Amino acid sequence: HYSTFLTHGHEAVDCHGDRLPFKRKVLVSCIQFVKPSAPQWLMHMAIAHSLTHMNMKSFEFMVWIAGNSPCVRRLVWVLLIISFIIFLGLFFGGVMLEFV
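So, how was this worked out
- Residues numbered from 1 in each chain as written.
- Predicted model: local features only at pLDDT ≥ 70, side-chain atom pairs only at ≥ 80, totals over all residues.
- Heavy atoms only, no water.
- Helix = DSSP H or I, 4+ residues; strand = E, 2+ residues; numbered from the N terminus.
- Buried < 20%, exposed > 50% of the residue type's maximum accessible area, 1.4 Å probe, protein only.
- Areas by Shrake-Rupley, 256 points an atom, 1.4 Å probe, with all protein chains shown as cover.
- Expected span 1.5 Å × (residues − 1).
- Salt bridge = Lys/Arg side-chain N within 4 Å of Asp/Glu carboxyl O.
- Phe/Tyr/Trp six-rings, centres within 6.5 Å; stacked < 30°, edge-to-face > 60°.
- Axes fitted to C-alpha atoms, helices over the stretch in contact; angles between N-to-C directions.
- Contact = heavy atoms within 4.5 Å.
- Nonpolar A, V, L, I, M, F, W, Y, C, P; charged D, E, K, R; others polar.

A. Fine view of the overall build of the protein. Looking only at helices and strands, the protein features 3 helices and 0 strands. Starting at the N terminus and ending at the C terminus, the protein contains elements arranged as α-α-α. Buried positions account for 3% of the 100 residues belonging to the protein. Looking at the protein as shown, the accessible area adds up to about 10,200 Å², and 70% of this sits on carbon and sulfur atoms.

Written as structure tokens, this is what we have:
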């Protein structure tokens, strides 16, 4: 929660120490930091750049196809409506409440 950052009202937990039970239900997230290196940064930046570029080009291609074909435009609308109905069903069924 954002108030934890403002008030610093948290208790430090040693992830490698003994696992003692808490008084109430809490979530503990242990993070291990890795040493940064320039080749690793460049590799991840290149992968992110190429994935972003691929997503933009595929979106441009789909817009071009859907703009020229009424059948594909209807298909996109049907898929959008079906996806929205499935999302609503999962949300009100309680499955999506874990992620929202």
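B. Region of the structure containing helix H3 (residues 70-92). Taking 1.5 Å per residue as the helical rise, H3 with its 23 residues ought to reach 33 Å, and the 33 Å between its terminal C-alpha atoms agrees with that figure. Following H3 by one or two positions, Gly94 has its phi on the positive side, about 95°.

C. Quick look at the pattern of salt bridges. Applying the stated criterion across every chain, the model contains 1 salt bridge. Glu60 serves as the salt-bridge partner of Lys57, at 3.5 Å between the closest nitrogen and oxygen. Taken together, the residues Lys57 and Glu60, both in helix H2 (residues 38-68) and 3 residues apart, mark about one turn of the helix.

D. Geometry of the packing of aromatic side chains. Inspection of the entire model under this criterion finds 3 aromatic pairs. An angle of 25° between the planes, with centres 6.1 Å apart, marks the rings of Phe87 and Phe91 as stacked. Of this pair, Phe87 and Phe91 both sit in helix H3, 4 residues apart, roughly one helical turn. For Phe87, a relative accessible area of 36% gives the class partly exposed. Note on Phe91 and Phe92: the rings are 5.2 Å apart at their centroids and 80° apart in plane angle, and the pair reads as edge-to-face. Given the relative accessible area of 26%, Phe91 is considered partly exposed. Among the aromatic residues, those joined into a ring-pair cluster are Phe87, Phe91 and Phe92.

E. Broad picture of the packing of H2 against H3. Two elements in contact, H2 and H3, have axes whose closest approach is 5 Å; the angle formed by their N-to-C orientations is 115°. Contacts between H2 and H3 involve Ile65, Ala66, Gly67 and Asn68 from the former and Pro70, Val72 and Arg73 from the latter. When the residues that make up the contact of H2 with H3 are grouped by side-chain class, the tally is 4 nonpolar, 2 polar and 1 charged.

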